[in-house]
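Coordinate inspection notes
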Amino acid sequence: MPHDRYENPLISRYASGQMSGLWSDNKKFGTWRRLWVALAEAQQALGLAITDAQIAELRARVDDIDYDAAGRYERQFRHDVMAHVHACRDVCPAAGPIIHLGATSCYVTDNTDLILFREALQLVCRRLAGVIHALANFAVQHRDLACLGFTHLQPAQPTTVGKRACLWAYDLALDLHEAEHRLEQLKARGVKGTTGTQASFLALFDGDHDKVRRLDQLVAEKMGFDATYAVTGQTYTRKIDAQVLDALSGIAQSAHKMATDVRLLASRKEIEEPFEDQQIGSSAMAYKRNPMRCERICSLSRYAISLQSSAAQTLATQWMERTLDDSANRRLVLPQAFLAVDAVLILCQNVCSGLCVYPQVIAKNLRDELPFMATENILMAAVTAGGDRQLLHERIRQHSQAAGAAVKLEGRPNDLIDRLAGDPAFAGTDWQAALDPAQFVGRAPQQVDEFVEQVVAPIRHRYGEMRLQAEVVV
């Protein structure tokens, strides 16, 4: 790797080779040439004077791309598509007269972007399914491990570690549904001409509207699409870009929330991300186990979320049939949104497949707060043992205030239970039963079972459990 110029860290450091390969020059310009082959084949099938030899020549050279020649032509013409038309013509002289016949630049650029969207979304969906699979395994393993719940980041009614993992997984399952929906809705731009009117193709086919319609559909089918967008300007509507980036932003939002929760739990020493034997947490503080993977998830997610606004603004500022102020922006935003989300999901699956849980710390933290939360159960148990409800309520109030003051003002442990146990009004209370954490988590364990059965199992069936394993993260 050269060290004398800037390299995109998404390529060199974070995203997978699979995702970066989808947005490579070879993939892009090879797809342009495949689109020229598809156009020539369809035009020939509908009666234009294009020979088998011309098509064979084009097909044989789809991956024979002379980037030096294309660069020279682009410097001469100041036009990237025409540069590649001429570079292709150099190696396909017989097919030269019919390359790009009747098409505008967006025939290759926009149809290629939609093809790349399709393949990139398929990869994103597989990665999402892998994270959901890992989280579901974790949730089942810890379905009934009681822990403090939090609202407003303050201790609240207990839940279970497994149920909390289901909250993370459900956000991602909703994201998967949205990404799959965007994938299902993708269509080809097709062959629409300079302003979307198909005038050039109508001229080629001597005014035969049916042949132009068939050409549009045939090219789409050759490139793996069932249909084309009903109407376009010079480009397909940039609403599609905005919708796709909405879905990617949603994934990043969910990942950021999950990773933030893990970071907060790590600060409480309850749950930590994986930590390698030789990993260094801090250059100065050797004892530290910083949650660097979750921090990286948050960092990359924040970037992916920010890119959504560019697609929205590009859509909003496309004048009439199109303007070219979308081009440079899209070259940056579209690949990098996918690369960032790819990196995020690889990290998420790695973290979720190796989360470290510390039940004793979780139990201690729960015990520290449980006395206050258990007062209603204690009240009911004492009433059942024959006590006066109103008298008992007042005694609990007094002891709670005193215990709370001791914790906050004196830094002492929460001794509410000891105070209540020493109060004759609570004689006969079954303290073990009243303080059993399982009594406070409601249906959390059963909700884990139901979630995995109803939400996760269909995802596993669609994607196949054996394909959902985590990748190595460096």
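This text follows the structure it describes.
So, how was this worked out
- Residues numbered from 1 in each chain as written.
- Predicted model: local features only at pLDDT ≥ 70, side-chain atom pairs only at ≥ 80, totals over all residues.
- Heavy atoms only, no water.
- Axes fitted to C-alpha atoms, helices over the stretch in contact; angles between N-to-C directions.
- Helix = DSSP H or I, 4+ residues; strand = E, 2+ residues; numbered from the N terminus.
- Parallel < 35°, antiparallel > 145°, perpendicular 65-115°, else oblique.
- Left-handed = near helix turned anticlockwise from the far one by under 90°.
- Nonpolar A, V, L, I, M, F, W, Y, C, P; charged D, E, K, R; others polar.
- Pairing = 2+ DSSP bridges.
- Buried < 20%, exposed > 50% of the residue type's maximum accessible area, 1.4 Å probe, protein only.
- Contact = heavy atoms within 4.5 Å.

1. Structural notes on the packing of helix α7 (residues 105-141) against helix α13 (residues 327-352)
Each pair of packed helices can be described by the angle between their axes along with the distance between the axes. Here α7 crosses α13 at 20 degrees, and the two axes come no closer than 9 Å. Our classification of the angle between α7 and α13 gives roughly parallel. Crossing geometry of α7 relative to α13 is assigned as left-handed. Looking at the contact of α7 with α13 residue by residue, the classes come out as 17 nonpolar, two polar and four charged.

2. Notes on the pairing of strand β1 (residues 146-151)
When β1 meets strand β2 (residues 154-160), the two strands line up antiparallel, connected through five bridges. Residue pairing for β2: Ala-146 is matched across the bridge by Thr-160. Count of turn residues in the β1/β2 antiparallel hairpin: two residues, of which His-152 carries a positive phi of about 60 degrees.

3. With respect to the side chain of Thr-235
For Thr-235, the position within the fold is in the loop between α10 (209-222) and α11 (239-267). Looking at Thr-235, the relative accessible area reads 6%, which means it is buried. Setting aside anything within four residues of it in sequence, one finds Thr-235 in contact with Cys-106, Asp-110, Arg-189, Glu-321 and Arg-322.

4. A look at unusual backbone geometry
One non-glycine residue, Gln-198, lies in the positive phi region at around 65 degrees. Even without glycine at this site, Lys-269 takes up a positive phi of about 65 degrees. Take Lys-269: it is sitting in the loop between α11 and β3 (271-272).

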